[in-house]
Amino acid sequence: MTRRIHSEPAYALHSRAYRETSAIIDLLTLAHGRLSVVARGARRGGRRNAMVQPFGRVLIGCSGRSALLTLTSCEPVSHRWLTGHALYAGMYLNEILLRLLRDDDPHPRLFEGYECALDALASQADPEPALRRFERLLLKETGYELTFSIAADGAQVVSVAGAYRYIEDVGFQPVGEAVDERQIFSGATLLAIDAEDFAAAHVRRAAKQIIRRALAPHLGDRPLHSRALYQRDTGS
């Protein structure tokens with residue numbers, strides 16, 4: 001049976017060459033989650049080549065009898081122009097979506113969160129808060145939610161005055177006192193992250209460290225291309 005999708009909001013996450021003039025494009029869609037489509041003639045330019053442009057919302061139509069559908073229509077709706085650090089941050093968002101999402105698994109809240117993250121990247125100087133909010137949403141939507149306000153045993157609320165050790169796939173384990181260790185975080189810091197209050201530099205650093213460790217087991221062994229590209233181009 002032929003599957004047909006009409007006027008579906010979508011973003012292009014990645015594209016790669018296919019045959020002589022076509023491309024396979026991985027999409028994030030509102031109602032169908034991640035989809036892969038063949039855009040015939042996309043590398044010749046023209047209207048359908050808009051699909052290849054990252055961070056642009058489009059309405060797509062596609063059809064086919066297999067998991068790999070054929071793009072039948074593409075209408076641009078809006079676009080976010082990202083430059084500098086925001087561009088690398090947007091590439092990173094696309095890459096972790098590709099790593100964590102399964103094909104044809106809808107996540108409408110994740111689609112909306114992705115749009116909010118792009119808006120924030122386009123309008124704010126510091127991309128870190130937008131990245132942390134989206135990473136937390138991605139973990140939650142894919143079944144790996146990280147809770148900053150509840151200790152690992154599930155029975156104890158994180159205390160402002162407490163100290164906690166983060167353990168991957170377990171959570172935050174109370175410890176006797178805060179010490180100068182990578183694995184130890186104050187309760188005040190964890191609660192600030194939970195409230196998405198990233199005004200303080202130490203909160204931003206802790207959030208990046210913890211969430212990066214939480215994501216690592218689910219991203220696979222291959223290095224993130226966006227991270228390597230950022231480090232190469234910025235020397236950081």
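Refer to the structure presented above.
**Student:** Summarise the pairing of strand β5 (residues 69-79); cite the residues concerned and give the values.
**Tutor:** As judged from the two bridges shared by strand β3 (residues 33-39) and β5, these two strands associate in the parallel manner. Within β5, the position partnered with V37 by the bridge is L69. Where strand β4 (residues 56-64) hands over to β5, the hairpin turn is made up of four residues, counted between the paired strands.

**Student:** Break down helix α4 (residues 187-194) for me, citing the residues and quoting the values.
**Tutor:** Spacing of three or four residues puts side chains on the same side of an α-helix, whose turn is 3.6 residues. Residues G187, T189, L190, A192 and I193 constitute the buried set of α4. Contacts from the buried residues of α4 go to α3 (128-141), β6 (163-167), β7 (171-175), β8 (184-186) and α5 (201-219). Positive backbone phi, approximately 55°, marks E196, located one or two places after α4.

**Student:** Could you give an account of the pattern of salt bridges, with specific residues and numbers?
**Tutor:** Evaluation of the coordinates by the stated rule reveals 15 salt bridges. The partner of E95 in a salt bridge is R99, and the shortest N-O contact between them spans 3.6 Å. A residue pair is termed a helical-turn pair when its members lie 3 or 4 positions apart in one helix, as E95 and R99 do in helix α1 (residues 84-100) at four residues. E95 gets classed as buried once you look at its relative accessible area, which sits at 13%. Residue R99 is classed as buried on the basis of its relative accessible area of 16%.

**Student:** Lay out the sheet that holds β6 in plain terms, naming residues and giving numbers.
**Tutor:** Here three strands make up an open sheet; going across it, the order is β7-β6-β8 and the pairing antiparallel. The open sheet has two free edges, formed respectively by β7 and β8, since each of these has just one partner strand. Here the average twist between neighbouring strands, direction ignored, is 40°. Pairing of β6 with β7 involves five bridges; the strand directions are antiparallel. Note on β7: the bridge partner recorded for R165 is Q173. Of the strands in this sheet, β6, β7 and β8 touch α4, which is tilted by about 75° from β8. Sheet contacts for α5: β6, β7 and β8; angle to β8, the most-contacted strand, approximately 130°.

**Student:** Got a sec to walk through the packing of aromatic side chains? Specific residues and values, please.
**Tutor:** Overall, the coordinates contain six aromatic pairs when judged by the stated rule. Centroid distance Y11 to Y114: 5.2 Å. Interplanar angle 75°. Geometry classified as edge-to-face. Placement of the pair is Y11 in strand β1 (residues 3-18) and Y114 in helix α2 (residues 108-123), with a sequence separation of 103 residues. Here Y11 matches Y114 in class, with each residue buried. Their ring planes at 65° and their centres at 6.2 Å tell us that Y114 and F134 sit as a pair that is edge-to-face. Note that Y114 is positioned in helix α2 and F134 in helix α3, a separation of 20 residues in sequence. The exposure classification of Y114 matches that of F134, with both residues buried. Ring pairing ties together the aromatic residues Y11, F111, Y114 and F134, which thus form one cluster.

**Student:** Please provide a residue-by-residue account of the sheet that holds β1, values included.
**Tutor:** Strand-to-strand pairing in sheets goes through backbone hydrogen bonds, with the strands running parallel or antiparallel. Strand order in the closed barrel formed by five strands is β1-β2-β3-β5-β4, and the pairing between neighbours is mixed. Taking the axes of each pair of neighbouring strands and ignoring which way they run, one obtains an average angle of 45° across the sheet. Seen against the sheet, α1 touches β1, β2 (22-29) and β3 and runs at an angle of roughly 110° to β1. Taken strand by strand, α2 contacts β1, β2 and β4, and its axis lies near 55° from that of β1.

**Student:** Tell me about the nonpolar core, and please be specific about residues and values.
**Tutor:** Core analysis: the biggest nonpolar cluster contains 47 residues, and L97, Y114, F134, L146 and I210 have the highest contact counts within it. Among the secondary structure elements, those contributing two or more residues to this core are β1, α1, α2, α3, β6, α4 and α5. In this structure, I5, A12, L27 and L69 belong to the second largest nonpolar core, which totals 16 residues.

Rules behind the numbers
Residues numbered from 1 in each chain as written. Predicted model: local features only at pLDDT ≥ 70, side-chain atom pairs only at ≥ 80, totals over all residues. Heavy atoms only, no water. Pairing = 2+ DSSP bridges. Helix = DSSP H or I, 4+ residues; strand = E, 2+ residues; numbered from the N terminus. Buried < 20%, exposed > 50% of the residue type's maximum accessible area, 1.4 Å probe, protein only. Contact = heavy atoms within 4.5 Å. Salt bridge = Lys/Arg side-chain N within 4 Å of Asp/Glu carboxyl O. Axes fitted to C-alpha atoms, helices over the stretch in contact; angles between N-to-C directions. Phe/Tyr/Trp six-rings, centres within 6.5 Å; stacked < 30°, edge-to-face > 60°. Core = buried A, V, L, I, M, F, W, Y, C linked by side-chain atoms within 4.5 Å.

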